[in-house]
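Remarks on the overall topology
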Amino acid sequence: MATGLLGLGVYAPSKVLTNKDLESFMDTSDEWITSRTGISERRISEPNEYVSDLAVKAVENLLQRHGEGILDGVEQVIVATNTPDAFFPNTAALVADQIGLKGAAGYDLLAGCPGWLYASSQAVGQVEAGIAEKVLVIGSEVLTKIVDWRDRSTAVLFGDAAGAAVIGKVREGHGFRSFVLGADGSGGNTLHMSALASSLPDGTRMGPSIYMNGREVFKFAVRVMDTASVEAIEKAGLHPDEISLFVPHQANERIINAARERLGLSWDRVVMNLDRYGNTSTASIPLALAEALDAGKVGQGDNLLFVSFGAGLTWAATVLTWGGA
Ligand code: UT7
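Residues numbered from 1 in each chain as written. Predicted model: local features only at pLDDT ≥ 70, side-chain atom pairs only at ≥ 80, totals over all residues. Heavy atoms only, no water.

Focus on the side chain of S140
Counting through the fold element by element, S140 comes out in strand β6 (residues 134-142). Owing to a relative accessible area of 0%, S140 belongs among the buried residues under this scheme. Side-chain polar atoms of S140 contact the backbone oxygen of V51, separated by 2.9 Å. (Helix = DSSP H or I, 4+ residues; strand = E, 2+ residues; numbered from the N terminus. Buried < 20%, exposed > 50% of the residue type's maximum accessible area, 1.4 Å probe, protein only. Polar contact = N/O pair within 3.5 Å; in protein donor to acceptor, adjacent residues only side chain to side chain.)

Encoded structure:
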């Protein structure tokens, strides 16, 4: 047996904030945002809607798609998020309670935007070690609650969404074939949000919102999307030609295009939905994958490449052979 993805559900709030809407209260333009990022609009959570709420709705979508039985045997819930409801209790425990997984282990994982891939690797390890039969891996974010709306260079990028996947045993020849995970804390200050009394090494106090040096993160992203992808493909024993679909972190069209070119992939093998959702951090890959599945772009035995980068600075890439459930 191998370990793979047994089911997927997603949720995005219904409220849409377009680039034109942003123009009404920020010194920006639809032209600047679309040409520099590829983003046209993003979804905004309600004031009283938090990460656990979005996560529960993604699980409801998972149940609609796959039936109640999909959660049978789930012994752990991991919520990868950068915007948890609270420091404690952890969001996963709240979600497990709300979806009726009484007694399942629950913990949150904070690893920037690659958090859902990090959590998937945890889940694979738990399943293969015989510790859990199945693990529910959720990426959920309410980033629009922590952006500084006065900072046009970051506020325009982010959106809210959630994705929930069940990871468990699949037939041999399918499932996760490789994981590449990494972090470089020396770049931690380029994408930062304070927790308690944290401050930068130079003594600058950071407010409770996202600070980002976009250019530095951009350079890092272009480099690491390429190197992590190549390493994950090699570790999987494959050649880039054998990748059916590239599902990258939906941060910036120019970053995705640079990785696509370096891997020699045509656009029809790339999933992109950032135009409608912006950067939803840990939710971005499951959200994009669900769209590809719904569009019939993923078939049994297809090799999918996921790659992400984010605050830490962190990166992650994995190759998954679809199917085998
Ligand atoms: O999940 C990880 C999250 N982080 C990322 O993915 C961020 C990666 N970085 C990026 O995507 C890009 O660096 C940005 C989209 C953030 C910025 O694009 P850029 O091409 O690197 O622009 P820039 O920062 O070099 O700024 C160019 C100009 C500046 O004006 P001046 O100094 O040339 O006069 C900015 O002030 O664009 C200005 N600018 C804007 N103008 C209109 C910055 N943000 C905006 C804006 N609207 N929203």
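Considerations on the domain arrangement of the protein chain
Reports often express the size of an interface as the amount of accessible area lost when the parts come together. For the protein chain, the domain assignment lists domain 1 (2-172) and domain 2 (176-321). Computed over C-alpha atoms only, the centres of domain 1 and domain 2 are separated by 15 Å. Counting from both sides, the interface comprises 50 residues of domain 1 and, opposite them, 47 residues of domain 2. Taking both partners together, domain 1 and domain 2 bury about 3,600 Å²; carbon and sulfur atoms supply 68% of that area. Area buried by domain 1 at its contact with domain 2 is led by C113, L117 and Y118, which between them contribute 17% of it. Counting across the interface, domain 1 meets domain 2 through 18 residue pairs in polar contact (both at pLDDT 80 or more). Listing elements by their share of the side of domain 1 that touches domain 2, those giving two or more residues are β1 (2-11), α2 (30-37), β3 (41-43), α5 (115-128), β6, α6 (152-155) and β7 (160-170). For the side of domain 1 that touches domain 2, the element with the most residues is α5, which contributes seven residues. (Domains from an automatic or database assignment. Contact = heavy atoms within 4.5 Å. Buried area = accessible area lost by both parts, 1.4 Å probe.)

A closer look at the site of the ligand
Taken together, 21 residues lie near the ligand, and T28, R36, R215, N252 and N279 sit nearest. Interatomic distance of 2.8 Å between a side-chain N/O atom of R36 and an oxygen atom of the ligand. G214 places a main-chain nitrogen or oxygen 3.0 Å from a nitrogen atom of the ligand. About the coverage of the ligand: the protein hides 77% of its 950 Å² of free accessible area. Sorting the residues of the shell around the ligand by element identifies α2, α6 and α7 (214-235) as the ones contributing at least two each. Per element, the largest residue contribution to the shell around the ligand is four residues, and it comes from α7. Residue composition of the shell around the ligand, by class: nine nonpolar, seven polar and five charged. Composition of the shell around the ligand by domain shows at least three residues from each of domain 1 (2-172) and domain 2 (176-321). (Near = heavy atom within 4 Å. Areas by Shrake-Rupley, 256 points an atom, 1.4 Å probe, with all protein chains shown as cover. Nonpolar A, V, L, I, M, F, W, Y, C, P; charged D, E, K, R; others polar.)

As for the pattern of salt bridges
Applying the stated criterion across every chain yields a total of twelve salt bridges. Counted as one network, the salt bridges with shared partners bring together D275, R276 and E291. (Salt bridge = Lys/Arg side-chain N within 4 Å of Asp/Glu carboxyl O.)

Examining the sheet that holds strand β4 (residues 74-80)
Read across the sheet, five strands follow the order β1-β7-β6-β4-β5 without closing on themselves; strand pairing throughout is mixed. Every other strand in the sheet has two partners, leaving β1 and β5 (105-109) as the edge strands with one partner each. Between one strand axis and the next, the sheet turns through 20° on average, direction left out of account. The pairing of β4 with β6 spans six bridges and is classified as parallel. Among the inter-strand pairings, V77 is bridged to a residue of β6, identified as L136. Sheet strands in contact with α5 are β1, β4, β5, β6 and β7, and its direction is about 170° off that of β6. (Pairing = 2+ DSSP bridges. Axes fitted to C-alpha atoms, helices over the stretch in contact; angles between N-to-C directions.)

Some thoughts on the packing of α7 against helix α8 (residues 253-263)
With their axes 9 Å apart at the nearest point, α7 and α8 run at an angle of 35° to one another. For the crossing formed where α7 meets α8, the hand is right-handed. Within the contact between the two elements, α7 uses F218, A221, V222, M225, D226, S229, V230 and I233 and α8 uses R254, I255, A258, A259, R262 and L263. Here the contact of α7 with α8 is composed, by residue class, of ten nonpolar, one polar and three charged. (Left-handed = near helix turned anticlockwise from the far one by under 90°.)

What to know about the sheet that holds strand β8 (residues 175-183)
Here four strands make up an open sheet; going across it, the order is β8-β13-β12-β11 and the pairing mixed. Both edges of this open sheet fall to β8 and β11 (245-248), since each of them pairs with a single strand only. For this sheet, the mean angle separating the axes of adjacent strands, direction not counted, is 10°.

A few points about the environment of D226
The residue D226 is located in helix α7 in this model. A residue is classified by how much of its surface remains accessible, and D226, at 14% relative accessible area, is buried. Sequence spacing of D226 and R215 is eleven residues, and the spatial spacing of their C-alpha atoms is 17 Å. Within the structure, D226 has its side chain in polar contact with the side chain of R262 (distance 3.5 Å).

As for the nonpolar core
Within the largest apolar cluster, 46 residues are counted, with the highest numbers of intra-cluster contacts made by I210, I233, F246, L305, F309 and V319. It is α7 that contributes the most residues to this core, nine residues altogether. Here this core gathers at least three residues from each of two domains, domain 1 (2-172) and domain 2 (176-321). Among the nonpolar cores identified, the runner-up in size contains 40 residues, and L5, L287, A288 and A316 belong to it. (Core = buried A, V, L, I, M, F, W, Y, C linked by side-chain atoms within 4.5 Å.)

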